[in-house]
Amino acid sequence: MNPSLPHHNPPLLSLVVPCYNEREVLSEFMRQVIPVLQALPAMNYEVVFVNDGSRDDTLDRLVDIACAHDRVRVVDLSRNFGKEAAMTAGIDEALGDVVVPFDADLQDPPEVIPRLVAKWREGFDVVIARRVDRSSDTLLKRKSASLFYKFHNIISDIDLPENAGDFRLMSRDVVDALKRMTESRRFMKGLFAWVGFNTAVVEYTRQARVAGKTKFSGWRLWNFALEGVTSFSTLPLRIWTYFGFFTAFVALSYAVFVLIRTLIFGNPVPGYASIVTILLFLGGVQLVGIGVVGEYIGRIYIESKQRPVYLIQARYGVSEKVKRGGR
Ligand code: UDP
Ligand code: MG
């Protein structure tokens, strides 16, 4: 349990905050979060906001904030790339010895941050914040999330910690390891779990959003779940082989049965219903199989283009001022 020596003295914490249409929450965010960061013992902080192509005036507000606070930076992406890409951008830009991804909507209470840092000081490289009480999320979301985690952990090689979101603390070593993963479709929860390292867990209660509404519709969550499964498991592809063997075996047994029956009783040509049923069933199963293969091929296709995960169109805040020699 030896954390690498911090590059900064005192060590620097980077809070990475992806923002998509979060105009309503930003002032409350600053009001609640900055005092917590300022109070961190023997530690400096920076806040890296990533504007993920917001359609409202989030960017203007962020730039105002960055002008007023010299520890706040803003990275403006060229369009909406999605939370995973926005978070990747923020983590890439962050300079800290420890990096903490954090939602803009204050669903994760900032008071947890000092507890994460305390664990890091004990020597852990990763400190996961686990939600013990998700009653602020809808029942459907909780149930589907828990089903997803169970399913995912059964079929994939890595174990996603249940009830842990993106909110966690990572040391510089972990962040550097994350950066070595070059895939362009990024399922961050999986990547976080994949890198491993000494991990501690801190528990907290998830709050309701302070303002605005969730950016994840049911359809988007479904696709997110597909991404998670296909990113870390090939079982959905391989299962068809076994299903094929099984079907062939059943078909063969049935063929023997039909042959014998015909030899003994002759052939009165019934069986329309069974033929149609079997035909439709197998047709459906084959289409599902092709669909699954298609999911993976689509992902291979996108991955093979090696496009960047995100594009930055502007940066505002400290580093910009330093570059111009101003303060
Ligand atoms: N977010 C983002 N890009 C998107 C969607 C969301 O950067 O395309 C950000 C959003 O601004 C927030 C965080 O991701 O800071 C979590 O989003 P949200 O609260 O809507 O998700 P939920 O908590 O409902 O899962
Ligand atoms: Mg939220």
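Residues numbered from 1 in each chain as written. Chains lettered and ligands numbered in written order. Predicted model: local features only at pLDDT ≥ 70, side-chain atom pairs only at ≥ 80, totals over all residues. Heavy atoms only, no water.

Chemist: Before we move on, could you go through helix α4 (residues 112-121) and cite the residues and values that matter?
Modeler: In an α-helix, one turn spans 3.6 residues, which is why side chains three or four residues apart end up on the same side. Inspection of α4 places V112, I113, L116, V117 and W120 among the buried residues, and these make up the whole buried set. The buried residues of α4 occupy one face: seen down the axis, they fall within an arc of 140 degrees. If you follow the buried residues of α4, they end up packed against β1 (12-19), α1 (26-38), β4 (98-101), β5 (126-133), β6 (164-171) and β7 (199-205). (Buried < 20%, exposed > 50% of the residue type's maximum accessible area, 1.4 Å probe, protein only. Helix = DSSP H or I, 4+ residues; strand = E, 2+ residues; numbered from the N terminus. Arc of directions from axis to C-beta. Contact = heavy atoms within 4.5 Å.)

Chemist: Can you tell me about the packing of helix α3 (residues 83-93) against helix α7 (residues 188-195), naming the residues and giving the values?
Modeler: Packing of α3 against α7 brings their axes to within 10 Å, and their N-to-C directions diverge by 45 degrees. Considering the angle they form, α3 stands oblique to α7. Seen from α3, the contacting residues are E84, M87, T88 and I91; seen from α7, they are M188, K189 and F192. Residues that form the contact of α3 with α7 fall into these classes: four nonpolar, one polar and two charged. (Axes fitted to C-alpha atoms, helices over the stretch in contact; angles between N-to-C directions. Parallel < 35°, antiparallel > 145°, perpendicular 65-115°, else oblique. Nonpolar A, V, L, I, M, F, W, Y, C, P; charged D, E, K, R; others polar.)

Chemist: So what about helix α2 (residues 58-68)? Which residues, and what values?
Modeler: For α2, the full list of buried residues reads T58, L59, L62, V63, I65 and A66. One face of α2 carries all of its buried residues, which in axial projection span an arc of 160 degrees. Among the exposed residues of α2, those oriented more than 90 degrees off its buried face are D64, C67 and A68.

Chemist: An account of unusual backbone geometry is needed here, citing residue identities and associated values.
Modeler: We note that N163 has phi near 65 degrees; this positive angle belongs to a residue other than glycine. Taking relative accessible area as the criterion, N163 reaches 25% and is therefore assigned partly exposed. The phi torsion at Q306 lies on the positive side, around 55 degrees, for a residue other than glycine. Secondary-structure assignment places Q306 in the loop between α10 (272-304) and β8 (312-317).

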